[in-house]
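# Per-entry structural report
If you want the building blocks of each chain, they are given just below.
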Amino acid sequence: MTPSQPADAAAPRLVVFLPCRSLDDFPRRLDDGEADDLLAAWTGAWHPRLVAACGMPGWAGADLPPPAGPLLGIVPRSSSHRVAARGDATPGDVRILTAPADPEAVAAAALAAVDQAAVGSADRWADDFRALGLAVLLTELLARRMRTQPRLLDSTELAGLVTAAAAAAVEGRDDSARAALGACFGHLEAARARFYPVDAWLVDLVLLAASTTPEHLGRDCAAPVPLGFVADAGSFEALAGRHPEIVAAIRRRIDDGTASICGGPAGDPVLDACTPEEILAAFADAGSVWERVLGRRPAVFARRSGGGSALLPGVLTGVGYAGAVWGTFDGAPLPDPHAGRIAWEGTAGATIEALARPPLDVRGAASVLDLPARLGDAMDRDHVAVVTFAHHAGTANRWHALVRRIGAWSTALGTFVTPDDLLCRTADAGTRVSFGPDAFTPFLTMK
């Protein structure tokens, strides 16, 4: 592809060398280290001072001859051997920078290479520009997964918007920078609406434990998108006793509609090993705990372990739940309903709405680059396209924070919602599934 022309005619164009020959063969299976290197190189190139000086970053294949210079090439560390293998084939007007592992360090090194200061009012916009760069890349990859090619990285219209936003940020015109960034993200939304005009939903689940600390939860409670907090009643009660400020922070987010609590009985009992009376007693005890500690009961049932039971839909609807998260988070499998949004029918015909696809584990960087494929699969296969993220409080990778920031700016990748809100907005849209009592028993021994 051809990188955008630099804003300053004397500055080199900025190109990130990616480990592919075209975005159609962009590697889906990178390990976390490789993904971390790639994301650091790509997002580091989107610092507003770099964009203002060099124009919107472009990309080139690490195995291919570089575009005509003058340009500054940024190479992910794990791909540096590919560029080095070309030896003297690199023209003299092409400078190659092997990217450090941190996007801020990438930006600082690139700014130094083009004789630009690494400080100034633009720095406070750096995360928003990194989020924009990530959104452009992920939208391009999603488009190719959906068999279209919007060629956003070749778009002169988008390049103009990005450069205008960067210039405003550098000059300290915050209102103009905000408006121009909004236009950039709006351009991505419009592109996605053209190549696949369906709603996509993103659910971000934060797992809590009795050992969760305010430091663990701080970044999650500050997230600019809706969240779902998952805990069993016993862990949440212990957490409230140890860190009441955590419960207060969660309650504030629930009260303003940007979070919901998902949970169940204390200790996540193995449901299929319990009698109906034991299950009902466990839910009754849990309800009292939730009322006392949080002032409300969860509307959505979720558990980190404990398997499943065909009795659950009837029990859950009987004690006031409106929905459920189908899976668990301990690695133990449940029967596969082959859908992301289901209406789960249990014994005696009782039915409850549920989220069913396994979540993306966002502790590792590779999960971010896997998002376009997961979204594409959901759009292709499901009546309701949903991707769920999951992680313990404070353990999400740094790139997931940019995905959240993208969600605060636009719905180009999907709309972040709480689990409660999703089930409400997609009521009666789930695929009906039913599993008999014996369907869950084999999985109890596989934990």
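Check the entry above for the structure.
Quick caveat, the model's predicted, so the values are computed rather than measured.

A tally of regular secondary structure across the chain gives 15 helices and 15 strands. At 24 Å, the chain has a C-alpha radius of gyration in line with the 22 Å of a compact globule built from 447 residues. Considered along the principal axes of its C-alpha atoms, the chain spans approximately 80 × 40 × 35 Å. Taken across its 447 residues, the chain has 55% of its residues classed as buried. Considering only contacts within the chain whose residues lie at least 6 apart along the sequence, 78% involve residues at least 24 apart. For the chain, the computed accessible surface area is about 17,100 Å², with 52% contributed by carbon and sulfur atoms.

In terms of residue burial, strand S11 (residues 351-355) counts as a mostly covered element, since 4 of its 5 residues are buried. As defined by bridge partners, strand S9 (residues 323-325) adjoins S11 across 3 bridges and the pair is classed as parallel. Considered in S11, the bridge of Ala324 is made with Ala354. The sheet contact formed by strand S10 (residues 341-345) and S11 spans 5 bridges and is antiparallel. Within S11, the position partnered with Ile342 by the bridge is Ala354. Linking S10 back to S11 in an antiparallel pair, the connection comprises 5 residues, with Ala348 at a positive phi of about 60 degrees.

A separate point is the environment of Ala60. Structurally, Ala60 is set in strand S2 (residues 58-61). Overall, the relative accessible area of 8% leaves Ala60 in the buried class. Remark: the alpha-carbon pair of Ala60 and Ser22, spanning 38 residues in sequence, is separated by 8.1 Å. When neighbours within four sequence positions are excluded, Ala60 is seen to be in contact with Val15, Val16, Phe17, Leu18 and Pro67.

So, on to the side chain of Asp128. Locating Asp128 in the fold gives a position in helix H5 (residues 126-145). Judged by relative accessible area, Asp128 falls into the buried class, the value being 8%. Sequence-distant contacts of Asp128, defined by excluding residues within four places in its chain, comprise Leu181, Phe185, Arg405 and Trp409.

A few words on the packing of aromatic side chains. Per the counting criterion, the structure on display carries 12 aromatic pairs. For the pair Phe236 and Trp290, a centre-to-centre distance of 5.2 Å together with 40 degrees between the ring planes defines the contact as tilted. With Phe236 in helix H9 (residues 233-242) and Trp290 in helix H11 (residues 276-294), this residue pair connects regions lying 54 residues apart in the sequence. Taking relative accessible area as the criterion, Phe236 reaches 1% and is therefore assigned buried. Ring centres 5.9 Å apart and planes at 85 degrees place the aromatic pair Phe301 and Tyr321 in the edge-to-face group. Here Phe301 is found in strand S8 (residues 300-301), whereas its partner Tyr321 is found in the loop between helix H12 (312-318) and S9, with 20 residues between them in sequence. Here Phe301 falls in the buried class, since its relative accessible area comes to 1%. Taken together through their ring pairs, the aromatic side chains of Trp326, Trp344, Phe435 and Phe440 make up a single cluster.

The next point concerns the nonpolar core. Among the nonpolar cores identified, the biggest contains 85 residues, and Ile74, Leu132, Leu188, Leu369, Leu371 and Phe389 are the most heavily contacted of them. Beyond its immediate stretch of four places on either side in the chain, Phe389 contacts Leu202, Val203, Asp204, Leu205, Pro359, Leu360, Val362, Leu371, His400, Val403 and Phe416.

This part takes up the packing of H5 against helix H6 (residues 156-170). Close contact between H5 and H6 brings their axes to 12 Å; oriented N to C, the two are set at 170 degrees. As far as their axial angle goes, H6 and H5 are roughly antiparallel. When H5 is examined against H6, the residues Phe129, Leu132 and Val136 are found in contact with a partner set consisting of Leu158, Val162, Ala165, Ala166 and Ala169. Across the contact of H5 with H6, the residue classes tally to 8 nonpolar, no polar and no charged.

With that settled, consider unusual backbone geometry. Positive phi, close to 70 degrees, is recorded for Arg147, a residue that is not glycine. The exposed category is assigned to Arg147, whose relative accessible area is 58%. Of note in this structure, Asp268 is not a glycine but carries a positive phi near 45 degrees. By the element assignment, Asp268 lies in the loop between strand S7 (259-264) and H11.

What follows is about the pattern of salt bridges. Across all of its chains, the model carries 26 salt bridges by this definition. A salt bridge links Glu171 to Arg173; its shortest N-O distance comes to 2.8 Å. Judged by relative accessible area, Glu171 falls into the exposed class, the value being 52%. With a relative accessible area of 37%, Arg173 lands in the partly exposed category. Notably, a salt bridge pairs Arg292 with Glu237, separated by 2.2 Å at the nearest N-O pair. Of the two residues, Arg292 is situated in helix H11 and Glu237 in helix H9; the sequence distance between them amounts to 55 residues. By relative accessible area, which is 54% here, Arg292 ends up exposed. For Glu237, a relative accessible area of 33% puts it in the partly exposed group.

Taken as a whole, helix H4 (residues 103-113) has its buried residues at Pro103, Val106, Ala107, Ala110 and Leu111. Each buried residue of H4 sits inside an arc of 125 degrees when the element is viewed along its axis, so together they form one side. Of the exposed residues in H4, those oriented more than 90 degrees away from the buried face are Glu104 and Ala112. Structurally, H4 contributes buried residues whose contacts are with helix H1 (32-44), helix H2 (48-54), strand S3 (71-75), strand S4 (94-98), H5 and helix H14 (398-409).

What counts, and where the lines are drawn
- Residues numbered from 1 in each chain as written.
- Predicted model: local features only at pLDDT ≥ 70, side-chain atom pairs only at ≥ 80, totals over all residues.
- Heavy atoms only, no water.
- Helix = DSSP H or I, 4+ residues; strand = E, 2+ residues; numbered from the N terminus.
- Rg over C-alpha atoms; globule rule 2.2 N^0.38 Å.
- Buried < 20%, exposed > 50% of the residue type's maximum accessible area, 1.4 Å probe, protein only.
- Contact = heavy atoms within 4.5 Å.
- Areas by Shrake-Rupley, 256 points an atom, 1.4 Å probe, with all protein chains shown as cover.
- Pairing = 2+ DSSP bridges.
- Phe/Tyr/Trp six-rings, centres within 6.5 Å; stacked < 30°, edge-to-face > 60°.
- Core = buried A, V, L, I, M, F, W, Y, C linked by side-chain atoms within 4.5 Å.
- Axes fitted to C-alpha atoms, helices over the stretch in contact; angles between N-to-C directions.
- Parallel < 35°, antiparallel > 145°, perpendicular 65-115°, else oblique.
- Nonpolar A, V, L, I, M, F, W, Y, C, P; charged D, E, K, R; others polar.
- Salt bridge = Lys/Arg side-chain N within 4 Å of Asp/Glu carboxyl O.
- Arc of directions from axis to C-beta.

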